[in-house]
Amino acid sequence: MFLAEAFVIGVIGGLFGIVGGLILNQYYAGAVNLNNLFSSGILNPIVAISTLVFAIILAVTSVYLSSRRASQLPAIDALRDYMPPEKQSRKIFPIIALILGGYKIVVFLLGVNISQLFNQWNYVYGNMFLSVASSGVILFDSIMTYIGPLLFFWGFTALLIRDSSIFQKVATKIASVMGELGALAAKNVRRNPARLAAIAFLIALIIGLSVQVTVQMASQEDYIVRNVRNSVGADISLTVANASRSQEILNNITQSVSGIRNASIECSINAPSLTNQWGTMQVRTIEPEAWAVSAYYEDNWFTGSSVEQMITDLKNNNNTIILEKSIAKNFDLSLYDTITIYFASGPQQLKVVGFFGPDPPEDNGNNFYPIGRSSNFGSISVFSYSFGGSFYSYVPRQLFNMTEGSDIYNIEYPLTKILISLEPDVNGTEVANQIYELDLDVYGINSFDTQWQLSVNMDNLNTYSDLKNLELQSFGLIFAVLSASVGTALIAIVGLKERSREATLMSVRGLSYRQLVWMFLMESIAIITFAVILGTIVGIIIAYGTISTANTPIAIYNLVTQRLIFPPNAIAIIGTYIALIYTSTIGAILIMTSQYVTKLEKMVRTR
């Protein structure tokens, strides 16, 4: 009978879930049309069947064990209000779950990419045995990525709360400072450790998921914004058609357009030769102080010394360079070493005052490949190699004579940009339109505000899809937290209903409504607080590990990388979820306790 009911509930729940998912898909696609709900092409039969089967399995498994135990319970025991467990639960399964889940939590904490690590070992020490073993380890790690946190939460709560008296002892010590009601609440905590462990597992799992997803969403949104800013290069960037007139054009813009805070000129030059190697490398000439307050950059893109010190060195000495890191690594150059770069206008010996760019991947550190020919560069004979990193180096603009009318523009052919930073709260799109209306000798006017709007409006498919994924994750997270809140409230209600006779006797013995509420609250708040702390810590660890794995060089070789951040809106969201869990429990206790008192008052009046 119970299994049949569970099967029917699973089928109904699965069907509701499928229909609800289709409606939400249409909603996020832009229009809800119930007439073509099942013929819109969104419905995937495999996904639908899997969802239905999962719902049935979840319903049947959740009912089967409890109904089987209830059917085997002797009638006299069923009449008892409280019956301690006759035998200890097996600890072997929680221990195994804790070990497996703990492995993945440690991996997250260390920020290790297991797949990359074993692939590198195979590349260096590769053999048949290591290849087979590493494949198994990588597969195991991939599976633990999804189920490891769940196993950890279940094993930890089962061992600490259900199968051990540690939690009860701690709760007793904490409650002892709250007087006799606290001592009574602490004793009640020991009554059903299995139920407390289940509540702790549920809350810790949902809070852990909430913290993980919320922090990762904040990190991903921050990553998208910074990528857009980096692609523009400043609040506004524009390319100058006639590079020799760049200063004149810059002066015209700053005098005619309002809202500009700082502006700078940046030129990109391809150097054809480096020391004794032949190839190309990209060098950008900048006005150090003006560029530092106009361009978009992040301090962690630069290494060797502080950005302020590098800017000072470039300003004080024209024969200096902030060298691209992969080139520095290939030539084994350290800070303040010298390097000779052969520009089209002539060789320049420059002192390295810093490094720019991320660390190159270990297995791709050597970017030099001989192509087997000799060339003459002036009176210097060099062997020909191709070289160069993925990024660029910076030199002072005064390294060359870049005044208007100089021959340097015809020799080096620089690609010249003007980078503009705006005053706070100034709309970049409007400023870009003002510059466009000046009809200057520029093209490619771009702004961060324009590019961000394109991302939001689906004109930039890459960032648009990322933003939509964030919306879907947040929406799913809301459902998970609401489900956990309802589940916690229902557990509290069922538990209090079982103790209705106890509450009535306590009221007869003199406990007021406020004292009853306080006692029940202390019982529940202890387990909820423990679960919230556990879930928050583990959620942050998982988010950190996921972000660290995404930033490994083999996965991404880019200036902009994800970072673990806690913006105010993310903290507010997590706080709201935690408050919702507490509120659902407190609300259930207040309602049920008031019913106890009301029933008792009616009984007294009747008699």
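Here's what I pulled together on the structure shown here.

Section: the nonpolar core
Piece 1. Core analysis: the biggest nonpolar cluster contains 40 residues, and Ile253, Leu323 and Ile420 have the highest contact counts within it.
Piece 2. For this core, the element with the highest residue contribution is strand E2 (residues 260-274), accounting for six residues.
Piece 3. Look past the residues within four positions of Ile253 in its chain and what remains in contact with it is Leu238, Ile260, Ile418, Ile420, Ile435, Leu438 and Leu440.
Piece 4. Grouped together as the second largest cluster of nonpolar side chains are 30 residues, Phe530, Ala531, Ile541 and Ile542 included.

Observations concerning the packing of aromatic side chains
Piece 1. Counted under the stated rule, the structure contains 17 aromatic pairs.
Piece 2. For the pair Tyr103 and Phe140, a centre-to-centre distance of 5.3 Å together with 40 degrees between the ring planes defines the contact as tilted. Of this pair, Tyr103 sits in helix H4 (residues 92-110) while Phe140 sits in helix H6 (residues 128-162); the two residues are 37 residues apart in sequence, bridging distant segments of the chain.
Piece 3. Measuring from ring centre to ring centre gives 6.3 Å for Phe156 and Phe530, while their planes differ by 10 degrees; the resulting arrangement is stacked. Pair noted here: Phe156 is in helix H6 and Phe530 is in helix H19 (residues 513-550), with a separation of 374 residues, a long-range link.
Piece 4. Of the residues examined, Phe156 reaches a relative accessible area of 26% and is grouped as partly exposed.
Piece 5. What makes Phe530 buried here is its relative accessible area of 19%.
Piece 6. Members of the aromatic cluster, joined through ring pairs, are Trp291, Tyr296, Tyr297, Trp301, Phe302, Phe356, Tyr392 and Tyr394.
Piece 7. Residue placement shows Lys104 over the ring face of Phe108; its charged tip is 4.9 Å from the ring centre.

Considering unusual backbone geometry
Piece 1. Not every positive phi belongs to a glycine, and Tyr336 is a case in point at roughly 70 degrees.
Piece 2. Take Tyr336: it is sitting in the loop between helix H13 (325-330) and strand E6 (338-343).
Piece 3. Tyr336 sits in the partly exposed class, given a relative accessible area of 41%.

Overview of the pattern of salt bridges
Piece 1. The full count for this structure, using the stated rule, is 10 salt bridges.
Piece 2. For Arg226, the salt bridge identified is with Asp222, shortest N-O distance 2.9 Å. With Arg226 and Asp222 both in helix H9 (residues 193-232) and four residues apart, the pair spans about one turn of that helix.
Piece 3. Residue Lys325 pairs with Asp359 through a salt bridge whose shortest N-O separation is 3.1 Å.

Looking at helix H15 (residues 428-437)
Piece 1. Three or more residues of H15 are buried, namely Gly428, Val431, Ala432 and Ile435. Buried residues of H15 fall within an arc of 100 degrees about the axis and therefore sit on the same side. Turned more than 90 degrees off the buried face of H15, the exposed positions are Glu430, Tyr436 and Glu437.
Piece 2. Between the side-chain oxygen at the start of H15 and the backbone nitrogen of Thr429 there is a gap of 2.9 Å, and the oxygen is on Asn427.
Piece 3. In the stretch just after H15, Asp439 is the one whose phi turns positive, near 55 degrees.

Quick word on the pairing of strand E1 (residues 236-240)
Piece 1. A large share of E1 lies buried, amounting to five of its five residues.
Piece 2. The alternating pattern of E1 places Ile236, Leu238 and Val240 and Ser237 and Thr239 on opposite faces, both of which are buried.

Brief notes about the pairing of strand E5 (residues 320-324)
Piece 1. Counted residue by residue, E5 has five buried out of five residues, so it is predominantly covered.
Piece 2. The sheet contact formed by E5 and strand E7 (residues 346-356) spans five bridges and is parallel. Bridge pairing links Leu323 to Phe355 in E7.

Parameters at a glance
Chains are numbered independently. Their residues run from 1 in the order of the written sequence. Per-residue local features are limited, in this predicted model, to residues with pLDDT of at least 70; the limit for side-chain atom pairs, both in listing and counting, is 80 or more; totals at the level of whole chains, interfaces and linings are taken over all residues. The basis for every side-chain value is the complete set of non-hydrogen atoms in the structure, without hydrogens or water. We call a set of buried Ala, Val, Leu, Ile, Met, Phe, Trp, Tyr and Cys residues a nonpolar core when their side-chain atoms join them within 4.5 Å. Three labels apply to residues, based on accessible area from a 1.4 Å probe with only protein chains included: buried if under 20% of the type maximum, exposed if over 50%, partly exposed otherwise in between. In DSSP terms, a helix is any run of H or I states spanning at least four residues, a strand is any run of E spanning at least two, and both are numbered starting from the N terminus. Whether two residues are in contact is decided by their heavy atoms, any of which lying within 4.5 Å being enough. The criterion for an aromatic pair is that two Phe, Tyr or Trp rings (for Trp, the six-membered ring) have centres within 6.5 Å, with stacked assigned to planes under 30 degrees apart, edge-to-face to planes over 60 apart and tilted to the rest. We count a charge as sitting over a ring when the NZ of a lysine or the CZ of an arginine lies within 6 Å of the ring centre and within 35 degrees of the ring normal. For this document, the term salt bridge refers to a Lys or Arg side-chain nitrogen within 4 Å of an Asp or Glu carboxyl oxygen. Picture the helix axis, draw a direction to every C-beta atom, and the arc is the one those directions span. Polar contact is defined as a pair of N or O atoms within 3.5 Å, subject to the rule that within protein one atom must be able to donate a hydrogen and the other to accept it, and that residues adjacent in sequence are counted only when both atoms are side-chain atoms. When DSSP finds two or more bridges between a pair of strands, those strands are recorded as paired.

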